[in-house]
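Listed here are the chains, written in short residue letters.
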Amino acid sequence: MAITSEHHPTNPVASGQDEVLLYPDSNVYLGEHRPSTRGLNSRKTALFLSDLIAVATALFLSVLVNRWFNDTDPVTNREYFILLYASLPIWPMMFTHQSLYRARFITRGVDEGWRIIKAIAASVTGIAILSIMFKLEVARTWFLIALPILVFLVGVERIIARFLFRRARRKGLMLRRVLIVGRNAEGQMVREMLDNDLSHGYEVVGFVEDVLDGGMGEDEAELLTDVDRTVHAIRS
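Residues numbered from 1 in each chain as written. Predicted model: local features only at pLDDT ≥ 70, side-chain atom pairs only at ≥ 80, totals over all residues. Heavy atoms only, no water.

(A) Broad picture of the side chain of Ser-87. Inspection of the secondary structure assignment puts Ser-87 in the loop between α3 (77–86) and α4 (90–97). If we skip the residues at most four places from it in the chain, Ser-87 touches Leu-59, Ile-127 and Leu-130. (Helix = DSSP H or I, 4+ residues; strand = E, 2+ residues; numbered from the N terminus. Contact = heavy atoms within 4.5 Å.)

(B) Expanded view of the environment of Arg-78. Inspection of the secondary structure assignment puts Arg-78 in helix α3. Spatially, the C-alpha atoms of Arg-78 and Val-63 are 9.4 Å apart, while their sequence positions differ by 15 residues.

(C) View of a positive patch on the surface. Judged by side-chain charge, Arg-43, Arg-102, Arg-104 and Arg-176 come together as a positively charged surface patch. Tracing the sequence through the fold places Arg-43 in helix α2 (residues 42–69). A relative accessible area of 38% places Arg-43 in the partly exposed class. (Patch = residues over 30% accessible without salt bridge, like charges linked within 9 Å, V, L, I, M, F, W, Y side chains within 5 Å. Areas by Shrake-Rupley, 256 points an atom, 1.4 Å probe, with all protein chains shown as cover. Salt bridge = Lys/Arg side-chain N within 4 Å of Asp/Glu carboxyl O. Lys, Arg positive; Asp, Glu negative; His and termini not counted. Charge placed at Lys NZ, Arg CZ, Asp CG, Glu CD. Buried < 20%, exposed > 50% of the residue type's maximum accessible area, 1.4 Å probe, protein only.)

(D) Fine view of the packing of α2 against α3. Two numbers describe how α2 lies on α3: the axes approach to 10 Å, and their chain directions differ by 155°. When the axis of α2 is compared with that of α3, the two are roughly antiparallel. Relative to α3, the crossing made by α2 is right-handed. Counting all contacts with α2, which are made through Ala-56, Leu-59, Phe-60, Ser-62, Val-63, Leu-64, Asn-66 and Arg-67, the residues of α3 involved are Asn-77, Tyr-80, Phe-81, Leu-84 and Tyr-85. When grouped by side-chain class, the residues that make up the contact of α2 with α3 number nine nonpolar, three polar and one charged. (Axes fitted to C-alpha atoms, helices over the stretch in contact; angles between N-to-C directions. Parallel < 35°, antiparallel > 145°, perpendicular 65-115°, else oblique. Left-handed = near helix turned anticlockwise from the far one by under 90°. Nonpolar A, V, L, I, M, F, W, Y, C, P; charged D, E, K, R; others polar.)

This is the structure in structure tokens:
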């Protein structure tokens, strides 16, 4: 692909070259250094802590309910609490493994719910392994009681978090800046959809487009002068 530095190119079809246009003016991206969204930021940290609180609460309630249904359980409440809270480091690892802190994997509530169930099942399996290491015979009734309590409390906590995130996004907060590749009808439709509903969490800042028609550009558009500028615009 050839990149030209001219602001008003000739028809690239005639010249046999592919060129890249950025809409709007690509200068709006230059000099911007936005912090990386990888790793834990304040929102992910808050969600991580709320998950942990929901899990700890569910584990605490499961021990009490188990004792009420099964008062002959030889494992004491204290032993249960030691075992269960020793398992807390397992939970964030399983939630992370199920991509529960990656927005693009939990766009739909159904997807998030299914991932929550799998993360909880894997974590409870980890507790079973820990119980063998601790030489504790955890009652089967506890497993039957703990699973629905965990799914319910974590599910409610995630529904509340989803509601708060959507409300913040509708106010223009917590939005991810994106470029749309392709300025055709489909690209325009995607932009309209994202612009009309900010709850998706995206702010469209422009298009990247191969120049197919010399008259296609807008007055304020300019050609990217090199590949590095295109990559920089995408990362910004």
